[in-house]
Amino acid sequence: MRPAAALKSTLVLLLTGAAGYVDAISYLALGHVFTANMTGNTVLLGLALVQGDTAGAGRSALALGGFLLGGAAGAWVAYRGPSEEGWPRGVTIALIVECVLLAAFANDQSSILAVRVVLASVAMGIQSAAARRLDVFGVATTFVTGTLTNLISLVVRHGVLPSASGHGKRLLAAVWGFYVLGAMAAGTAIQLAPDVAWLMPATMVALVVLIATARFWRA
């Protein structure tokens, strides 16, 4: 695999880790709501409606609405401009916006959970749309179900041994692993270092932006 493609895959993995982190810290600290995984969040919404949990249903609905808003904004930004090889600058701009939202999410000290839910979910929607624009083996950094489906399909079709699709299998498995690691990091940080735990996802996305700008941006 070419160095540029390898770097692109690595940056996608970092974004996936950030998404897993945000999802976990949202669930733990924002009233049991997912802000990146909308499959799980839809289930939580359905359960809250049946159980008469108005507050829980409201948080899930806010997360869904925020994610859709972020996805629309992210697609509008990420798909603007030419389809450059490697890493479109529209993706970098979208990730900068995501980073700003995650920084606001980390620094919002208000007791209004709804504000933090919206900030996190809009940021994750933007990231999901930006990752879709990159089109790295169909990876969606917030959609683990699809990742596992693609992985098992490749295994069934090509086996587990290295083949023409070997890199695709390894990358998809790594995407799942990074999502888990992100969630584990969030769970650990919020217990051991709660003051800095909220800053980690913004830091991770900022690192991706810096590397992508240095490597792929063209005047």
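Relevant structure appears above.
Residues numbered from 1 in each chain as written. Predicted model: local features only at pLDDT ≥ 70, side-chain atom pairs only at ≥ 80, totals over all residues. Heavy atoms only, no water.

Asker: I'd like a rundown of the packing of aromatic side chains, residues and numbers included.
Answerer: Tallying each qualifying case throughout the model produces 3 aromatic pairs. Between Trp87 and Phe216, the aromatic rings sit 5.8 Å apart at their centres with planes inclined by 15°, giving stacked as the arrangement. In this pair, Trp87 is assigned in the loop between helix H3 (54-78) and helix H4 (89-107) and Phe216 in helix H9 (residues 200-216), connecting sequence segments 129 residues apart. Residue Trp87 shares its accessibility class with Phe216, and that shared class is buried. Both rings, one in Phe105 and one in Trp198, keep their centres 5.3 Å apart while their planes meet at 75°; by these two values the pair is edge-to-face. Separated by 93 residues along the polypeptide, Phe105 in helix H4 and Trp198 in the loop between helix H8 (194-197) and H9 bring together distant segments of the chain. For Phe105, a relative accessible area of 0% translates into the label buried. Its relative accessible area of 14% is what places Trp198 among the buried residues. Just above the ring of Trp198 sits the side chain of Arg116; from NZ or CZ to the centre is 4.2 Å. (Phe/Tyr/Trp six-rings, centres within 6.5 Å; stacked < 30°, edge-to-face > 60°. Helix = DSSP H or I, 4+ residues; strand = E, 2+ residues; numbered from the N terminus. Buried < 20%, exposed > 50% of the residue type's maximum accessible area, 1.4 Å probe, protein only. Lys NZ or Arg CZ within 6 Å of the ring centre and 35° of its normal.)

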